[in-house]
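Listed below, chain by chain, are the residues.
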Amino acid sequence: MSKYAVGPDGRPYLLSEEQALETANTPGVTPITKENYGEQRKAAVASDRVDKNWGTSGKAAAGVASGLSLGLAPALATKLGMLNPDDLEAAEQSTAFTAGDVAGMVAPTLLTGG
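Structural notes, computed from the coordinates. Note that the structure is predicted; figures quoted are calculated from it, not measured.

The subject of this paragraph is the pattern of salt bridges. Taken as a whole and judged by the stated rule, the model has four salt bridges. Close ionic contact of K42 with D86 constitutes a salt bridge, the shortest N to O distance being 3.6 Å. Note that K42 is positioned in helix α2 (residues 34-53) and D86 in helix α5 (residues 85-92), a separation of 44 residues in sequence. Linking R49 and D87 is a salt bridge whose minimum nitrogen-to-oxygen distance equals 2.7 Å. You can see R49 sitting in helix α2 and its partner D87 sitting in helix α5, a full 38 residues away along the chain. For R49, a relative accessible area of 30% corresponds to the partly exposed category.

In this section: the environment of F97. Tracing the chain through its elements places F97 in helix α6 (residues 95-111). A sequence separation of 69 residues divides F97 from G28, and the C-alpha atoms of the two residues are 28 Å apart. For F97, the residues in contact, after removing those within four places along its chain, are K59, A60, A62, G63, S66, L88, A91 and E92.

Pairing within the open sheet is antiparallel, and its three strands lie in the order β2-β1-β3. In this open sheet, the two strands that pair with only one neighbour each are β2 (12-14) and β3 (30-31). Bridging between strand β1 (residues 4-6) and β2 involves three bridges; their strand directions are antiparallel. If you follow Y4 over to β2, its bridge partner there is L14. Strands in contact with α2 are β1 and β2; relative to β2, the strand with the most contacts, it is inclined by about 120°.

Moving on, we get to the packing of α2 against α5. Helix-helix packing: each pair is described by the crossing angle between the helix axes and the interaxial distance. The geometry of α2 relative to α5 is characterised by a closest axis approach of 8 Å and an angle of 80° between their N-to-C directions. As far as their axial angle goes, α5 and α2 are roughly perpendicular. Contacts between α2 and α5 involve K42, A46, S47, R49 and V50 from the first element and D86, D87, A90 and A91 from the second. For the contact of α2 with α5, the residue count by class is four nonpolar, one polar and four charged.

So, about the packing of aromatic side chains. Going through the model one piece at a time under the given rule, you end up with one aromatic pair. Taken together, a centroid distance of 5.0 Å and an interplanar angle of 45° make the contact between Y4 and Y37 tilted. Remark: Y37 occurs in helix α2 and Y4 occurs in strand β1; sequence separation between them is 33 residues. Considered together, Y4 and Y37 belong to a single accessibility category, that of buried residues.

Right, let's get into the layout of surface pockets. The volume enclosed by the largest pocket comes to roughly 320 Å³. Along the wall of the largest pocket there are 19 residues; nearest its centre are A43, A44, S47, A90 and Q93. Secondary structure elements with two or more residues in the lining of the largest pocket: α2 and α5. Considering each element in turn, the lining of the largest pocket owes the most residues, nine residues, to α2. Classifying every residue of the lining of the largest pocket gives seven nonpolar, five polar and seven charged.

Cut-offs and rules
- Residues numbered from 1 in each chain as written.
- Predicted model: local features only at pLDDT ≥ 70, side-chain atom pairs only at ≥ 80, totals over all residues.
- Heavy atoms only, no water.
- Salt bridge = Lys/Arg side-chain N within 4 Å of Asp/Glu carboxyl O.
- Helix = DSSP H or I, 4+ residues; strand = E, 2+ residues; numbered from the N terminus.
- Buried < 20%, exposed > 50% of the residue type's maximum accessible area, 1.4 Å probe, protein only.
- Contact = heavy atoms within 4.5 Å.
- Pairing = 2+ DSSP bridges.
- Axes fitted to C-alpha atoms, helices over the stretch in contact; angles between N-to-C directions.
- Parallel < 35°, antiparallel > 145°, perpendicular 65-115°, else oblique.
- Nonpolar A, V, L, I, M, F, W, Y, C, P; charged D, E, K, R; others polar.
- Phe/Tyr/Trp six-rings, centres within 6.5 Å; stacked < 30°, edge-to-face > 60°.
- 1 Å grid on protein atoms, 1.4 Å probe; cavity = no way out; pocket = protein on both sides within 12 Å on 5 of 7 lines; lining within 4 Å.
- Points joined across faces, edges and corners; volume = space filled by probe spheres on them.

Take a look at the structure:
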């Protein structure tokens, strides 16, 4: 019986033996390996940190910087140690980052008349 699972909310959980037995046939609960738990837990922590510290506007601004630089600005900031790669990956999963990225790519065309 796997002691690691992804809950209905999409977040990873470490379960006791009793919880693992109780949730074995629960819809929306998916058993995962210890390795998958570690990876998903790391991603969940980064996502929570980005949500708390960056907020929607911060994620959108990072997206705009990415769009304006065709993806070079975030990569360079990560290489220079100015940005945690896990935080960038978590931000890139958000709708705000995607919207900012598209806006950053389209804005120069619109502002220069084509």
